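Given next are the chains, with one letter for each unit.
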Amino acid sequence: MNSRNSADRGIRWTFVRPAAPGRSWSGWRGFASTRGPVYGAALIIALLCLLPIGFIVTIALQAGWDAASALLLRPRVGHLLLNTLLLELCTLPAALTLALAFAWLAERTTLPAARLLSWLAIAPLAVPAFVHSYGWITLVPSMNGLPAAVLVSVLAYTPFVYLPVAAQLRRLDPALEDAAASLGLDPLAIFCRVILPQLRLGLCAGGMLVALHLLAEYGLFALIRFETLTTAIMDQFQSAHSAPLANLLGGVLVLACLALMAIESLIRGAGRYARLGPGAARRAPRRDLGPLTVPALVFFLSWAVLSLAVPGGTILRWLAAGGWSVWTPSLALAFTQTVLLSLAGALLTTAAAAPIAWLSVRAPGRLQRLLETCHSYVGSLPGVVVGLALVTVTVSVALPLYQTMLTLLLAYMLLFLPRALAGLRPSLAQAPIELERAAMALGRTHWQAFFVITLRIAAPGVAASLALVGLGASTELTATLMLAPNGVNTLATGFWSLTNEIDYAAAAPYAAMMILASLPLTIILRNQSMRVSGR
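Treat the numbers as computed from the prediction; the structure is a model and nothing was measured.

1. Digging into the overall build of the protein chain
For the protein chain, the helix and strand inventory stands at 24 helices and zero strands. Split into buried and exposed, the 535 residues of the protein chain put 50% on the buried side. Within the protein chain, counting contacts between residues at least 6 apart in sequence, those at least 24 apart form 84% of the total.

Here you go:
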């Protein structure tokens, strides 16, 4: 008689033959021993990420309170701070309101061609911010000051808010809205009291991106002659290189970044926004706008004209005016150098992000979270601060590295490390650790299991990280201007030098090629937004 209990009948029992002695246990020891080198690599990258903060603290200590106060407590610095504050206060509400309106119209109404309208809302991302400014100042040369800065900033940065808000709006469960309607609330009250609070995370995330970009942006505001902290730092650096005022203004800019992050955290709060209940959330029904359909379409088309037709039309007009003579060999050289720098920066940054991405998935803990914070905060710093830090360090400690390709690539790594993390971490999380354990139980070393199994599963995330970092590096301006070796000319720096010479026709091909290079990034961002929302 079978010794097994009758309750076990019908169950298929599977026994796995243990690996040969010394193989499986050595595999487990290998798994544990790999954490040390990975932690070491992550620690080295974290220390590099602390360079900007260390630079600011060192400059402040070296200057002393008397010298720092003499340089900073001046009317001009107050003017720069006021300009930056007014820019934030005027741009953020407009960008948040427009993005919310676009998301609602594209996702919750019966407007025709909703998919096309969604593309129109995010398409300005393909146009670098300083190219937006170039398009407007060539169309209206008298544009300058705060109103012009706000207009161009809203056109360039509103898509950063639209993407997270639209993704969150798609995932909202309409059951809460139905419950509010059953209690007698009108549509406006439902929107303000039910829907809007659930969009707080998307609004905060997008608003934070816009606020940090406003602090970091140089080219856009320099072209329309609007002074901010970043433009003043660049002016000081270009006139006197590592001038004390430029360094101290960099410290003020870092403090402004930290203040913005604290405000965003306070507004975001600690509330939970996840749906908890049986079944799957259904998709919210779309509302018929009725007589408001035509005004809504005009609203979208007006946005497309201001954000796409103006810079695009300006570039086409200058290309036609310049003819074939503007397509010079230097343009091909700039394109080649941009591609090579972007590729090298993408490879370096993705490799630098891999250790902490692996630790966040395979070995989470307090030390891992601390290291990850060091990796992530540097992405919120303006490129000019990272550039100043690397200039000061190389001039003071490692002069042979000043204005070399290695220093420029290090700047790209620091600036775009969070982008690489955003692509790597989710893809590594999708690779089950059980597969690695099974491979090691069969005699593979941990590194062999990682490269043969995990890396193959995470390949789409690796490709996305490479694309995000490479396309970001291809349009980076401030750090490239400060750190690029002599003879290195990217599309962004070539465009910038020609616009400074008021040679807008010769600058047009550079702008056109940057837009074409940025289109894949826009497509990637929209596809990720749709994937997050389950569509």
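The rest of the description comes next.
2. Quick word on the side chain of Thr-109
Among the structural elements, Thr-109 can be located in the loop between α4 (75–108) and α5 (114–122). In terms of polar contacts, Thr-109 uses its side chain to reach the backbone carbonyl oxygen of Leu-105, at 2.4 Å. When neighbours within four sequence positions are excluded, Thr-109 is seen to be in contact with Trp-104, Arg-286, Arg-287 and Leu-289.

3. Thoughts on the nonpolar core
Formed by 149 residues in total, the largest nonpolar core has its most connected members in Val-131, Tyr-134, Tyr-162, Ile-315 and Phe-495. In terms of residue count, the dominant contributor to this core is helix α7 (residues 145–171) (15 residues). Once residues within four sequence positions are removed from consideration, Tyr-162 is found in contact with Ala-99, Phe-102, Ala-103, Ala-106, Glu-107, Ser-118, Ala-121 and Ile-122.

4. Re helix α9 (residues 187–198)
Taking 1.5 Å per residue, twelve residues should reach 16 Å; α9 reaches 16 Å between its end C-alpha atoms and fits that length. For α9, the set of buried residues is Ala-189, Ile-190, Phe-191, Val-194, Ile-195 and Gln-198. On the buried face of α9, the contacting elements are α4, α7, α8 (175–182) and α10 (200–216). Between the side-chain oxygen at the start of α9 and the backbone nitrogen of Ala-189 there is a gap of 2.9 Å, and the oxygen is on Asp-186.

5. Overview of the state of the cysteines
Under the counting rule described, the total for this entry stands at zero disulfides. Cys-374 takes part in no disulfide bond, and the closest cysteine sulfur, belonging to Cys-49, lies 7.3 Å away. A residue is classified by how much of its surface remains accessible, and Cys-374, at 13% relative accessible area, is buried.

6. What about the packing of aromatic side chains?
Applying the stated criterion across every chain yields a total of 13 aromatic pairs. Residues Tyr-134 and Tyr-504 carry aromatic rings whose centres are separated by 5.7 Å and whose planes lie at 75 degrees to one another, so their mutual orientation is edge-to-face. On the criterion of sequence distance, the pair formed by Tyr-134 in helix α6 (residues 129–139) and Tyr-504 in helix α24 (residues 504–532) is long-range, its members being 370 residues apart. Ring plane angle 65 degrees and centroid distance 6.4 Å describe the contact between Phe-299 and Phe-300, whose orientation is recorded as edge-to-face. Overall, Phe-299 belongs to the partly exposed group, its relative accessible area being 29%. Taking relative accessible area as the criterion, Phe-300 reaches 0% and is therefore assigned buried. Through a chain of ring-to-ring contacts, the aromatic side chains of Phe-130, Tyr-134, Trp-318, Phe-495 and Tyr-504 assemble into a single cluster. Above the plane of the ring of Trp-318 lies Arg-317, whose end atom (NZ or CZ) is 5.1 Å from the centre.

7. Overview of the side chain of Ser-342
Mapped onto the elements, Ser-342 comes out in helix α15 (residues 329–362). Sequence-distant contacts of Ser-342, defined by excluding residues within four places in its chain, comprise Gly-470, Ala-473 and Ser-474.

8. Details of the pattern of salt bridges
What the rule picks out here adds up to one salt bridge. With its nearest N and O atoms 3.2 Å apart, the salt bridge here joins Arg-76 to Glu-227. Of this pair, Arg-76 sits in helix α4 while Glu-227 is found in the loop between α11 (219–223) and α12 (229–240), placing the two residues 151 residues apart along the sequence.

9. Describing the packing of α15 against helix α16 (residues 366–377)
Running from N to C, α15 and α16 point in directions that differ by 145 degrees, and their axes come no closer than 10 Å. Crossing handedness for the pair α15 and α16: left-handed. Where α15 approaches α16, its residues Ala-352, Ile-356, Leu-359 and Ser-360 are matched on the opposing element by Gln-368, Leu-371, Glu-372 and His-375. Partitioned by chemical class, the residues of the contact of α15 with α16 number four nonpolar, three polar and one charged.

10. A short note on a nonpolar patch on the surface
Together, Leu-43, Leu-47 and Leu-50 make up an exposed nonpolar region whose accessible area comes to about 260 Å². Tracing the sequence through the fold places Leu-50 in the loop between α2 (35–49) and α3 (51–72). Exposure remark for Leu-50: the relative accessible area of 34% places this residue in the partly exposed category.

11. Re the packing of α4 against helix α14 (residues 293–322)
Where α4 contacts α14, the two axes come as close as 11 Å, and the packing angle between them is 125 degrees. Relative to α14, α4 is oriented oblique. Of the two possible hands of crossing, α4 and α14 adopt the one that is left-handed. In this structure, α4 contributes Leu-98, Ala-101, Phe-102, Leu-105 and Ala-106 to the contact, and α14 contributes Ala-296, Phe-299, Phe-300 and Trp-303. A breakdown of the residues in the contact of α4 with α14 according to their chemical character gives nine nonpolar, no polar and no charged.

Cut-offs applied
- Residues numbered from 1 in each chain as written.
- Predicted model: local features only at pLDDT ≥ 70, side-chain atom pairs only at ≥ 80, totals over all residues.
- Heavy atoms only, no water.
- Helix = DSSP H or I, 4+ residues; strand = E, 2+ residues; numbered from the N terminus.
- Buried < 20%, exposed > 50% of the residue type's maximum accessible area, 1.4 Å probe, protein only.
- Contact = heavy atoms within 4.5 Å.
- Polar contact = N/O pair within 3.5 Å; in protein donor to acceptor, adjacent residues only side chain to side chain.
- Core = buried A, V, L, I, M, F, W, Y, C linked by side-chain atoms within 4.5 Å.
- Expected span 1.5 Å × (residues − 1).
- Disulfide = S-S within 2.5 Å.
- Phe/Tyr/Trp six-rings, centres within 6.5 Å; stacked < 30°, edge-to-face > 60°.
- Lys NZ or Arg CZ within 6 Å of the ring centre and 35° of its normal.
- Salt bridge = Lys/Arg side-chain N within 4 Å of Asp/Glu carboxyl O.
- Axes fitted to C-alpha atoms, helices over the stretch in contact; angles between N-to-C directions.
- Left-handed = near helix turned anticlockwise from the far one by under 90°.
- Nonpolar A, V, L, I, M, F, W, Y, C, P; charged D, E, K, R; others polar.
- Patch = residues over 30% accessible without salt bridge, like charges linked within 9 Å, V, L, I, M, F, W, Y side chains within 5 Å.
- Areas by Shrake-Rupley, 256 points an atom, 1.4 Å probe, with all protein chains shown as cover.
- Parallel < 35°, antiparallel > 145°, perpendicular 65-115°, else oblique.

Remember, this is a structural readout, not a statement about activity or role.
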